[in-house]
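An overview of the molecular structure
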Amino acid sequence: MFLVLSCIAVAHEARFTLLAALVCILGAFLTVNLYSRLRSSRGSKRYLWLFLVALVGGATIWTTHFSAMLGYIVPLGRTFEPTLTLISLGCAILTSGLAFLLASQGKSIGFPMIGGAVFGVGIAVMHYLGMEAYLVTGILKWDVSFVAWSVVLGGGLGAAALVLAHTGKGVSGIVQAAVVMILAIVLMHFTGMTAITVVPLSGVSIPAQALSDDVMLAAVVGVTLVIIATVGSAFVIDTRNMAEATATYQHLAMHDPLTQLPNRTYLRHQLEEELLNVRDSSMLAVLAIDLDRFKDVNDLHGHGAGDALLADLGRRLKLLLGDGEFVARIGGDEFVAYKSGVADEAEILPFANRLRSEIARPFDWQNQVVKIGGSVGISRAPRDGLAADELLTRADLAAYSAKTDGGDRLAFYCEGMEERSRSRASIALDLKSAIQNGELELYYQPQNDTRTRSLKGFEALVRWNHPERGLVSPTEFIPIAEETGLILDIGAWVLEEACTAAAAWPEQYSVAVNVSALQIAQSTLSQQVAAVLARTNLAPARLEIELTESGLIADQAHALKVVLDLKKLGVSVAMDDFGTGYSSLSTLQNFPFDKIKIDRGFIMSLTANKQSAAIVKSTILLGTSLKIPVLAEGVETEDQLSFLLQEGCQSVQGYLFGKPLRLDECIALMYSERGEKESVLPSVDLVATPT
């Protein structure tokens, strides 16, 4: 080692050695970086990086060698044979390319070890080829032991350098690999130079050197530095582009593209971080937000309006956030927010109300005012859990509770909500077999003439006799049936059962059957109705199909075709719950209804609420103008009946005339109405075959 250091210090001119060192350091650091990029590249781009790393690595080795050789002090004449000198340059580039190709073949550490060894041996091959091009007026004697050590050092340190480049992480890994690569180049070269003894020999002549050492040094080092600078610039530009692309991809992966709010993935990450800091002295409040009436916006104005509303809402919510507050869109019309560092529940409510107020603020869409609301459910850590999934689930349960209680309100999570959720899941499971098990039953509510009070027909209402729960309210199981799609089977059963029963009634009595939005969405509804009428032999004019606005506005063109097809059968079509939809007047304008049914909510407050009275009056007047009969639901008092009679409402339905009746009670009422004996009416099969 002392001899090698002596060779560097004594046998070489300092300025040449320093320039060689500069090239070696710059080239080694760039080579390690290029190798890293080669490993991460795929396709044709991989070959570009292989060419560049081979070019820079080979040029670095050769220039370091050539610059040092120019500074090698000999008391004799010397020159460089150009052909072999260029061949040595080509050898350095080719062996470097082969080395980096081998090293980048797989994830196993064996590949960079083999490739690194090839790289180090390539340095030696280039060195000794270059020495063959080194001409002096004498002869070169070699110490074989130093030659062997130079090859071992080159191969061993080359292997170590690429192993470090392969396994190292970050800047420290690059620095370590580059330093070892520099040692591989430098120690191989100067150990090889230590092996030389120059012996003068008379009578030996060599060609004159065409250029001075300074000119050759400037040319060689200059060209190599230009290569390093050019490739380095390309690497920096590509790195910056990759960093920008990575940042863009990370943003896209962690944010919702429509609202630019954080998405579910980002939310979970942030929640988990915040939960690490939750202590008994502070709380973290998680708020699940479910938009109310958002579907109506999509149905009435189109999905473009819905998207614009969500984007605007995202911008609004982002602007109102304060310290420790966070909001994300997790999908559809669902948002989640949290507030950290909360001392007590009193601090949660202002945040929740700020969110609700912002959601309720009107939106402008194409010069139209659009309003929605938000149901908010709140869970608290550590009280309701310390896991992100647990808190999100419980906040969602609370939001569902707020929504089912009427919406546009907030609810804190409580233990009973999970039980209700399990009960809901259990109901959905049991509902699947309710038809096959004969658990469903139809009740019939009378519909009467307002003026004469005479019976005109019935509305069929489904009931569920659960073997364990008893009578399950339709308000409890119908929403579940709609969510699960079971409403299709239930609706088909109701239609078949109602028509079977009505076919045995006197001809003056009709039956009304509700049809869900999901049934309307099916293209076969009119064929299904026609088949049931044919099977039961019920006259089409005695069947009334009741539709709600929500079932019509999702796809108005399809819904209109369904309505027209039903009317072609001779079936009458009624608009149910008039006045409660998003735009009942528009729906009434677009569809040829045979009847309008005023929602019971307006009738119940008829005598106490001026607005309700005005709406009912307007609806009856509208029906009269359009020559469409009007039926009022929920009539329970004589005062309500008197008001409706005075305004010209033709039909009524409600507890004033009777609660929903079982089929046998319904038949008895018809007997009473007609003043006839039971034998007048034929017997009826009370259970229809399920469809």
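See the structure above.
Everything numeric in this text was worked out from a predicted model, so none of it was measured. Once a new chain begins, its residue numbering starts again from 1 and follows that chain's sequence as written. Reporting in this predicted model follows two pLDDT cut-offs: at least 70 for local features of residues, and 80 or more for side-chain atom pairs to be given and counted; totals over whole chains, interfaces and linings ignore these cut-offs and use all residues. Calculation of side-chain values draws on the structure's entire complement of heavy atoms; hydrogens and water are dropped beforehand.

When helices and strands are tallied, the protein shows 24 helices and 20 strands. Relative accessible area decides the class of each residue, using a 1.4 Å probe on protein chains only: under 20% of the type maximum gives buried, over 50% gives exposed, and in between gives partly exposed. Within the protein, the proportion of its 691 residues that are buried is 48%. It only takes one pair of heavy atoms within 4.5 Å for two residues to be counted as in contact. Look at the contacts in the protein between residues 6 or more apart in sequence, and 73% of them connect residues 24 or more apart. Where accessible areas are quoted, they stem from the Shrake-Rupley method and a 1.4 Å probe; at the residue level, only the protein chains shown are allowed to cover. A total accessible area of about 32,100 Å² is found for the protein, and carbon and sulfur atoms account for 59% of it. His residues and chain termini do not enter the charge count, which takes Lys and Arg as positive and Asp and Glu as negative. By convention, charge coordinates are those of NZ in Lys, CZ in Arg, CG in Asp, or CD in Glu. Distance from the positive charge centre (54 side chains) to the negative charge centre (70 side chains) of the protein: 4 Å. Going along the chain from the N terminus, every DSSP run of H or I of four or more residues is numbered as a helix, and every run of E of two or more is numbered as a strand.

Pairing is mixed across the open sheet formed by five strands, whose spatial order is S6-S7-S5-S10-S11. Of all strands in the sheet, those bounded by a partner on one side alone are strand S6 (325-331) and strand S11 (410-412). Neighbour-to-neighbour, the strand axes of the sheet open up by a mean angle of 20°, direction not taken into account. Each pair of strands is called paired provided DSSP finds at least two bridges between the two strands. Summarising the sheet, strand S5 (residues 283-292) and strand S10 (residues 373-381) pair through nine bridges and their orientation is antiparallel. Angles here are taken between N-to-C directions and fall from 0 to 180 degrees, while the axes themselves are lines fitted to C-alpha atoms, restricted in helices to the stretch in contact.

What follows is about the pairing of S10. Within S10, nine of the nine residues are buried, which leaves the element mostly enclosed by the surrounding structure. By the alternation rule, side chains of S10 split into Gly373, Ser375, Gly377, Ser379 and Ala381 and Gly374, Val376, Ile378 and Arg380, which are all buried. Where S10 lies against S11, three bridges are found, and the strand directions are parallel. Paired with Gly377 across the two strands is Ala411, which belongs to S11. By convention a crossover is right-handed if, when the strands point away from the viewer, the path from the first strand over the helix to the second runs clockwise. For the crossover that starts at S10, traverses helix H13 (residues 388-404) and ends in the parallel S11, the hand is left-handed.

Along the chain, Arg674 falls in helix H24 (residues 663-674). C-alpha separation for the pair Arg674 and Leu201, spaced 473 residues apart in sequence, amounts to 143 Å.

Now for unusual backbone geometry. In this chain, Ala381 is followed by Pro382 through a cis amide linkage whose omega measures 10°. As for its position among the elements, Pro382 is in the loop between S10 and H13. A positive phi is found at Arg453, a non-glycine position, where the angle reads about 65°. Looking at the element boundaries, Arg453 is found in the loop between strand S12 (440-449) and strand S13 (455-466).

Bringing the packing of helix H22 (residues 610-626) against helix H23 (residues 638-647) into the picture now. With their axes 10 Å apart at the nearest point, H22 and H23 run at an angle of 40° to one another. Classed by the angle they form, the pair H22 and H23 counts as oblique. Both H22 and H23 take part in a crossing whose hand is right-handed. Between H22 and H23, the contacting residues are Ala613, Val616, Lys617 and Ile620 on the first element and Phe643, Leu644 and Glu647 on the second. Counted by class, the contact of H22 with H23 contains five nonpolar, no polar and two charged residues. Each angle is binned into one of four classes, with values under 35 degrees roughly parallel, values over 145 roughly antiparallel, values of 65 to 115 roughly perpendicular, and all other values oblique. Whether a crossing is left-handed or right-handed is set by the direction in which the near helix is turned from the far one by less than a right angle, anticlockwise for left-handed and clockwise for right-handed. Polar here means any residue outside two lists: the nonpolar Ala, Val, Leu, Ile, Met, Phe, Trp, Tyr, Cys and Pro, and the charged Asp, Glu, Lys and Arg; Gly therefore counts as polar.

Turning our eyes to something else, we now look at the state of the cysteines. Cysteine pairs can be linked by a disulfide, which is a covalent bond between their two sulfur atoms. We call a pair of cysteine sulfur atoms a disulfide when they lie within 2.5 Å. Enumeration over the complete set of coordinates arrives at zero disulfides. Between Cys91, a free cysteine, and Cys24, which holds the nearest cysteine sulfur, the sulfur-to-sulfur gap is 17 Å. On the basis of relative accessible area, Cys91 is assigned to the buried category, the value being 13%.

Examined against the element boundaries, Ser612 turns out to sit in helix H22. Owing to a relative accessible area of 8%, Ser612 belongs among the buried residues under this scheme. For this analysis, a polar contact is any N or O atom pair within 3.5 Å, provided that within protein one partner can donate a hydrogen and the other can accept it, and provided that sequence-adjacent residues contribute only side-chain to side-chain pairs. Of note is the side chain of Ser612, whose polar atom sits 2.7 Å from the side chain of Ser605. If we skip the residues at most four places from it in the chain, Ser612 touches Phe602, Ser605 and Leu606.

Attention now moves to the packing of aromatic side chains. Centre distance within 6.5 Å is the pairing criterion for rings of Phe, Tyr and Trp, where only the six-membered ring of Trp is used; planes under 30 degrees apart are then read as stacked, over 60 as edge-to-face, and the remainder as tilted. For the coordinates displayed, the defined rule picks out eleven aromatic pairs. A ring pair is formed by Trp62 and Phe66, whose centres lie 5.1 Å apart and whose planes are at 15°; its orientation type is stacked. With Trp62 and Phe66 both in helix H3 (residues 44-70) and four residues apart, the pair spans about one turn of that helix. Neither residue differs from the other here; Trp62 and Phe66 are each classed as buried. Here Phe591 and Phe593 contribute two aromatic rings whose centre-to-centre distance is 5.9 Å and whose plane-to-plane angle is 35°, an arrangement assigned as tilted. Each member of the pair, Phe591 as well as Phe593, carries the same accessibility label: buried.

Every buried residue belonging to helix H10 (residues 294-301) is among Phe294, Val297, Asn298, Asp299 and His301, and all of these are buried. Its buried side turned inward, H10 meets S5, helix H11 (303-319), strand S8 (363-365) and strand S9 (368-370). Once H10 ends, the next one or two residues include Gly302, with phi positive near 95°.

We now examine the pairing of strand S18 (residues 595-598). Side-chain alternation along S18 places Lys595 and Lys597 on one buried face and Ile596 and Ile598 on a second face that is also buried. Relative to S18, strand S17 (residues 572-578) runs parallel, the two sharing three bridges. Bridge assignment links Met575 to a residue of S18, and that residue is Ile596. Note that S18 and strand S19 (residues 630-633) share three bridges and pair parallel. When the sheet's bridge partners are listed, Lys597 is paired in S19 with Leu631.

Excluding any residue in a salt bridge, patches collect residues exceeding 30% relative accessible area, merging like charges within 9 Å and nonpolar Val, Leu, Ile, Met, Phe, Trp and Tyr side chains within 5 Å. We define a salt bridge as a contact between a side-chain nitrogen of Lys or Arg and a carboxyl oxygen of Asp or Glu at a distance within 4 Å. Taken together, the side chains of Val171, Val175, Val179 and Leu183 present a nonpolar region at the surface, about 320 Å² in accessible area. Position of Val171 relative to the elements: it lies in helix H7 (residues 170-194). The exposure class assigned to Val171 is exposed, which follows from its relative accessible area of 64%.

This paragraph deals with the pattern of salt bridges. For the structure shown, the criterion picks out 26 salt bridges. Asp238 serves as the salt-bridge partner of Lys45, at 3.3 Å between the closest nitrogen and oxygen. Of this pair, Lys45 sits in helix H3 while Asp238 sits in helix H8 (residues 213-254); the two residues are 193 residues apart in sequence, bridging distant segments of the chain. By relative accessible area, which is 38% here, Lys45 ends up partly exposed. Judged by relative accessible area, which is 14%, Asp238 ranks as buried. Glu358 is the salt-bridge partner of Arg361, the closest N and O atoms lying 2.5 Å from each other. By relative accessible area, Arg361 is classed as partly exposed at 41%. Taken together, the salt bridges that share partners define one network made up of Asp312, Arg315, Arg316, Glu358 and Arg361.

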